[in-house]
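Summary of structural features
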Amino acid sequence: MNKLGWVAAIGLMVAVAASAQTRSAHPAADAQALDLAMRAIALRSVAGPGNRTPEVAALYKAALVAGGFADRDVEITRVDDTAYLIGSWPGTDPKLKPLVISGHMDVVEAKPSDWQRDPFTPVVANGYLFGRGATDMKLDGTIAIAALTELRRQGYKPRRSIVIEFSGDEETRMKTSGIIAEKLKNADLVLNIDGGGGVLDEKTGRPEYFTWQGAEKTYADFEITVTNPGGHSSAPRPVNAIVQMSRILDRIGAYRFTPELSPLTRAALTAAAPYEEPAIGKALLAFVADPTDQQAIATLVANPATVGRIGTTCVATMINGGHALNALPQKVTANINCRIFPGHKPAEIMAELQRVGGDPGATFKDVTEGSVPNDASPMRADFIAAITKAMGRIYPGVPVFPSQASGASDSMWFRYHNVPSYGASPTFLKESDDFSHGLNERTPVMNIAPGITYYLSLFADLSK
């Protein structure tokens, strides 16, 4: 099929997938978004040998330049086996800090033998785009690129400069993520299009609610070490390093950090309660009303989906010890992985673990890699108004409220520099269709047309 035929076919796919109420007024942008996404998915942008992330960057740069960006304003920088991209659309008022649109180009590894379809051969079928990166996050990235192209096509001139950037190793070391945040630490606000999103009803497929992400917990790893002179196993000593470590881990495993609320999580838990199972929803509301309510806390802590939403969590993830089957252990180490509630520093949490461990002979060390502490972004009225307005344009009446993530994203690096960053993806999924990082990843293509409309509104309102 020639290029014109291919683009026409893509346009038809989007048009057929779009519902009547979300049918687009910008078919060229819709077709561009899907075309770019499929081309990007076909490039295996996985860390290690054969990493094609630099080719994704070249693809995105070509699209931005064709859409009106000056070639000199879109820079690709190689870093080790990957690359990152920063593109700038200068505003009319250079005194204003820029609006940053943030995403990433790399994806998690996917083995073709495990998938029903080849993960790097994109396919549109049954209303879904299949392929590694369809959800996380090549389609989101290309929808944003197509929306910027459409804004320029419409003659829009931003007062505040708009910068779009894509990191190249968000799924692994986040080295490029840190570099980008350092370069753009003068930003006014960051829209992280790799966070937030909406939920579709499992039965009807209709939008239930939309959340924007205003905070995420800080990732930390703490190594505990216990040493002992050791000796022959036939002559046991009163103190055994393995037993000593097991007691420390038992105390830490039984410990619960004090549950807490922030202004953001108070709003998030209150709004989310009606969408939970009745017992969980009731417990969320009771906790919001009284964060010391022990019955509510017990219910929420017992549920893996809610325990991380009400405070810091720490869990033992690895242990290593001993050196011979017939010798007393001379050294035992264990790793404690923590997800720290915003507002606390890792050193504070490590000190609390050390106290709970209750063994002065054990040493604790922060061995975290690829993470930095970050507090919640402020609940800025201009951002909330803009995102509520944008969502209202595509799904009027759908509830919009904040959320806090337990995982890490590129927002972490901006918040570390005190730059507000908000997860703002317009993608809606059924919870049963979320296969990010998993097998047979897919996303409904019906997200494309409303996503363009949403971004047109959001980008314009925040760059005026």
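Here the structure is a predicted model, which means the values were calculated and not measured. (Residues numbered from 1 in each chain as written. Predicted model: local features only at pLDDT ≥ 70, side-chain atom pairs only at ≥ 80, totals over all residues. Heavy atoms only, no water.)

Another aspect to go through is the side chain of Arg-160. For Arg-160, the position within the fold is in the loop between α4 (138-153) and β6 (162-167). Dropping the residues within four chain positions of it, Arg-160 is found in contact with Gly-91, Leu-96, Lys-97, Pro-98, Leu-99, Asp-188, Leu-462 and Ser-463. (Helix = DSSP H or I, 4+ residues; strand = E, 2+ residues; numbered from the N terminus. Contact = heavy atoms within 4.5 Å.)

A few words on the sheet that holds strand β15 (residues 363-366). The antiparallel open sheet is built from four strands, whose spatial order is β12-β14-β10-β15. Edge positions in the sheet fall to β12 (313-321) and β15, since each has one partner strand and no second. Going across the sheet, the axis of each strand differs from the next one's by a mean of 25°, ignoring polarity. Alignment of β12 against strand β14 (residues 331-340), held across eight bridges, turns out to be antiparallel. (Pairing = 2+ DSSP bridges. Axes fitted to C-alpha atoms, helices over the stretch in contact; angles between N-to-C directions.)

The next thing to look at is the packing of helix α8 (residues 278-289) against helix α9 (residues 294-301). Two elements in contact, α8 and α9, have axes separated by 8 Å at closest approach and are oriented at 130°. On the basis of their axis angle, the class for α8 and α9 is oblique. Considering the relative orientation of α8 and α9, their crossing is left-handed. Contacts from Ala-279, Ile-280, Ala-283, Leu-284, Ala-286 and Phe-287 in α8 reach Ala-296, Ile-297, Thr-299 and Leu-300 in α9. Split by residue class, the contact of α8 with α9 holds nine nonpolar, one polar and no charged. (Parallel < 35°, antiparallel > 145°, perpendicular 65-115°, else oblique. Left-handed = near helix turned anticlockwise from the far one by under 90°. Nonpolar A, V, L, I, M, F, W, Y, C, P; charged D, E, K, R; others polar.)

Next up on the list: the packing of helix α2 (residues 27-41) against helix α3 (residues 53-66). As a packed pair, α2 and α3 sit with axes 10 Å apart at the nearest point and diverge in direction by 160°. In terms of orientation, α2 and α3 fall into the roughly antiparallel class. Relative to α3, α2 is oriented so that their crossing is right-handed. Between α2, through Gln-32, Leu-36, Arg-39 and Ala-40, and α3, the contact on the second element is made entirely by Val-56, Leu-59, Tyr-60 and Ala-63.

In this section: the state of the cysteines. A full pass over the atoms with the stated rule returns one disulfide. For Cys-314, the disulfide goes to Cys-338, at an S-S distance of 2.1 Å. Taking the sign of the S-S torsion, 115° for the link of Cys-314 and Cys-338, the bridge is right-handed. Placement of the pair is Cys-314 in strand β12 and Cys-338 in strand β14, with a sequence separation of 24 residues. Side by side, Cys-314 and Cys-338 carry an identical accessibility label, which is buried. (Disulfide = S-S within 2.5 Å. Buried < 20%, exposed > 50% of the residue type's maximum accessible area, 1.4 Å probe, protein only.)

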